[in-house]
Amino acid sequence: MSEYITALEREIDSKFRLTGAECLECGTINYPFVRVGSSEKIVCRSCGKRSDFKPKKLSRRGKIYSFIVVKVAPMGFENEVPYAIAVVELDDGVRVIARLTDVTPNPEVIKVGMRVRAVFRKLREIKNGEIEYGFKFKPEEE
Amino acid sequence: MRKVYIIGIGMTPFGEIFDKDVDNLVSEAFFKALDDANLEQKDIEAVWAGTMLFHKSVPGPLVARATGLVGKPVSRMENACAAGTDIVRNAFFAVGGGYYDIVAVVGFEKMRDVTTTEMGFKMAIRSPLYEQHLGMTGPGNFAMFATRHMHEYGTTSEQLAMVAVKNHKNGAKNPNAQFRREITIEQVLNGPIISWPLHLLDCCAITDGAVSLVLASEDVARKYTDTLIEIAGVGLGTDYSLHAEKKTLTEFAAVKYAANQAYRMAKVEPKDIDVAETHDCFTISEIIEIEDLGFTEKGNGGKFTEEGETEIGGKIPVNTSGGLKACGHPIGATGTRQIHDMTEQLRGEAGERQVDGAEIALTQTLGAQVNISGVCILKRA
């Protein structure tokens, strides 16, 4: 199991509140975002400039852009198979990658274009029984 | 820039090589290349070594020892699956720029000493930090593209399987391939799912192996051989690591960047390429690559494959060696292996797999989170 502290833990607002950074040069919402050192500037994923930004809460709803169902997992995830991972296109156009939940991990059930919404869930147990939380996506109720 | 030529090639057979360690593999490939070039060790001025995973010691000195070149400069390059292309690119700059006359490259990987789940983990921890907790996998990285490509263009699992069938058919005739047997579409489709929509036989294997090349400047090269193969163009492209940041999941942006650099440098177009080795780590990879390299239009990769245009005898034979699918994929060695195999094609030494009259060849790797790609264009001089 990885011993690394993830970047998520350093930008905890983005992890727990799905907060991105809107580039004030070109308007692109960066999620996640790359800060220049510990300054108040980011390197924009779109224009590439060293830009000022403002925090931007992402849409909590969107549709599945693409997905996979993992049947053979890397070490540390073997007990979780099968599981579905999706790239979700949020209603504000930002794409995020996340686990799907509350749905059978089966391509007969999950479809590209399916409406989903973000829910806050347990992601996994890390070392020493510590639990990591974050966002997953579940199908929208009809 | 001076012209740069490949004057020697050598490789170990690829496979599960339990009885040899890294230094044995490196030395075997290197001395084969040296013999092929009719050179002596003292002629080699510098070496570039490509490996992604090797961590037991510093690869530079290990390669120096295994090649008998202790004291000479050996630079290790790591660029995931593009490492084996990138060492050639950098050696090309050193010779082309006029600093050295004769250099060697060696790409290698020893992957079969750990279990598949451990190897999967080694790959998974290289995921960008924002994907580590997801349980993303190597096959998963490419499966994410497959789902979207199928959705937008109607590419089918059968068309994916046809890539595997074609490459195994070629690999069956390659003495260096890990899997020298043919397979059927049914075997691919009836196999277990690894990451939906990819089946077991949509995926390449975990492999040991090493490949070496000798590069030389023109005046030197002419002293040693009459069959000169020119490195006419090289390119290296990058893309976003996160799948959510990539512009689309239907094209490999890194491949397009790398290919555009190489095409421009070599002053050729996709239609000029006679034979190509592309990075079929997964069947979907080859389908998207033949689009992004310009061999067919975007979205048509599945149909182009189904019509047999990438078979030997088709419009543009792809992976005549058997590709990663049949040869196996020792990560740091693969890009160098592709150039080894295309050099054979341009020399007319590819035996049963020979593409008649091949004069211009292209090789292409693509690695990690589908975010790094190397391209090399070779010409028969």
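Residues numbered from 1 in each chain as written. Chains lettered and ligands numbered in written order. Predicted model: local features only at pLDDT ≥ 70, side-chain atom pairs only at ≥ 80, totals over all residues. Heavy atoms only, no water.

## Remarks on the pairing of strand 7 (residues 83-90) of chain A
Residues and elements named next belong to chain A.
So, step 1. In terms of burial, strand 7 is a largely internal element, seven of the eight residues being buried.
So, step 2. One ladder, built from eight bridges, connects strand 6 (residues 61-70) with strand 7; its direction is antiparallel. Looking across to strand 7, one finds that Val 69 is bridged to Ala 84.
So, step 3. Inspection of the sheet shows strand 7 paired to strand 8 (residues 95-99) by five bridges, in the antiparallel sense. Across the sheet, Ala 86 pairs through a bridge with Ala 98, a residue of strand 8. (Buried < 20%, exposed > 50% of the residue type's maximum accessible area, 1.4 Å probe, protein only. Helix = DSSP H or I, 4+ residues; strand = E, 2+ residues; numbered from the N terminus. Pairing = 2+ DSSP bridges.)

## Brief notes about the sheet that holds strand 4 (residues 41-43) of chain A
Residues and elements named next belong to chain A.
So, step 1. Spatially, the five strands line up as an open sheet ordered 2-1-5-4-3, and their pairing is antiparallel. Two strands close off the open sheet at either side, each with one partner strand: strand 2 (29-30) and strand 3 (34-35).
So, step 2. Both strand 4 and strand 5 (residues 50-57) contribute to a ladder of three bridges, which runs antiparallel. Counted as the bridge partner of Val 43 is Arg 50 from strand 5.

## Some words on the interface of chain B and chain A
A common measure of how large an interface is: the accessible area buried when the components associate.
So, step 1. Counting residues at the interface gives 35 residues for chain B and 39 residues for chain A.
So, step 2. Roughly 3,400 Å² of surface becomes buried between chain B and chain A when both sides are summed, with 67% attributable to carbon and sulfur atoms.
So, step 3. The tally of links from chain B across to chain A stands at zero salt bridges.
So, step 4. Linking chain B to chain A there are 13 residue pairs in polar contact (both at pLDDT 80 or more).
So, step 5. At the level of elements, helix 4 (116-124), helix 5 (138-153) and strand 5 (193-196) of chain B are the ones that each hand at least two residues to the side of chain B that touches chain A.
So, step 6. Here the side of chain B that touches chain A takes seven residues from helix 5 of chain B, the largest share from any one element.
So, step 7. Of the residues assigned to the side of chain B that touches chain A, the class counts are 15 nonpolar, 13 polar and seven charged.
So, step 8. Across two bridges, the pairing between strand 6 of chain A and strand 5 of chain B is antiparallel. Bridged to Val70(A) within strand 5 of chain B is Ser195(B). (Contact = heavy atoms within 4.5 Å. Buried area = accessible area lost by both parts, 1.4 Å probe. Salt bridge = Lys/Arg side-chain N within 4 Å of Asp/Glu carboxyl O. Polar contact = N/O pair within 3.5 Å; in protein donor to acceptor, adjacent residues only side chain to side chain. Nonpolar A, V, L, I, M, F, W, Y, C, P; charged D, E, K, R; others polar.)

## Describing the nonpolar core
So, step 1. Grouped together as the largest cluster of nonpolar side chains are 55 residues, with contacts concentrated most on Ile85(A), Phe142(B), Tyr263(B), Ile273(B) and Ile377(B).
So, step 2. When contributions to this core are tallied by element, the ones reaching two or more residues are strand 6 and strand 7 of chain A together with helix 5, helix 6 (157-171), helix 9 (253-266), helix 10 (283-292), strand 10 (360-367) and strand 11 (372-380) of chain B.
So, step 3. Ranked by residues supplied to this core, first place goes to helix 9 of chain B with seven residues.
So, step 4. The contacts of Ile85(A), once residues within four sequence positions are left out, are Ser66(A), Phe67(A), Ile68(A), Val70(A), Ile97(A), Ala98(A), Arg99(A), Leu134(B), Gly135(B), Met136(B) and Met144(B).
So, step 5. In terms of nonpolar packing, the next biggest core, distinct from the first, is built from 32 residues, Leu25(B), Phe30(B), Phe54(B) and Val74(B) among them. (Core = buried A, V, L, I, M, F, W, Y, C linked by side-chain atoms within 4.5 Å.)

## Digging into the packing of helix 5 of chain B against helix 10 of chain B
Residues and elements named next belong to chain B.
So, step 1. At a minimum axis separation of 9 Å, helix 5 and helix 10 run at an interaxial angle of 65°. The chirality of how helix 5 crosses helix 10 is left-handed. Note on element contacts: helix 10 touches helix 5 through Ile 284, Ser 285, Ile 287, Ile 288 and Glu 291, opposite Phe 142, Phe 145, Ala 146 and His 149.
So, step 2. When grouped by side-chain class, the residues that make up the contact of helix 5 with helix 10 number six nonpolar, two polar and one charged. (Axes fitted to C-alpha atoms, helices over the stretch in contact; angles between N-to-C directions. Left-handed = near helix turned anticlockwise from the far one by under 90°.)

## Remarks on the confidence of the model for chain B
So, step 1. Looking at chain B, the pLDDT average stands at 95 and 98% of residues meet or exceed 70.
So, step 2. Scored by ipTM, the complex comes to 0.93, with pTM at 0.95. (pLDDT = per-residue confidence, 0-100.)

## What about the packing of aromatic side chains?
All names here are of chain A.
So, step 1. What the rule picks out here adds up to twelve aromatic pairs over all chains.
So, step 2. When the centroid spacing of 6.2 Å and the interplanar angle of 15° are considered together, the rings of Phe 120 and Tyr 133 count as stacked. Pair noted here: Phe 120 is in strand 9 (residues 115-125) and Tyr 133 is in strand 10 (residues 131-139), with a separation of 13 residues, a long-range link.
So, step 3. With a relative accessible area of 43%, Phe 120 lands in the partly exposed category.
So, step 4. Here Tyr 133 falls in the partly exposed class, since its relative accessible area comes to 39%. (Phe/Tyr/Trp six-rings, centres within 6.5 Å; stacked < 30°, edge-to-face > 60°.)

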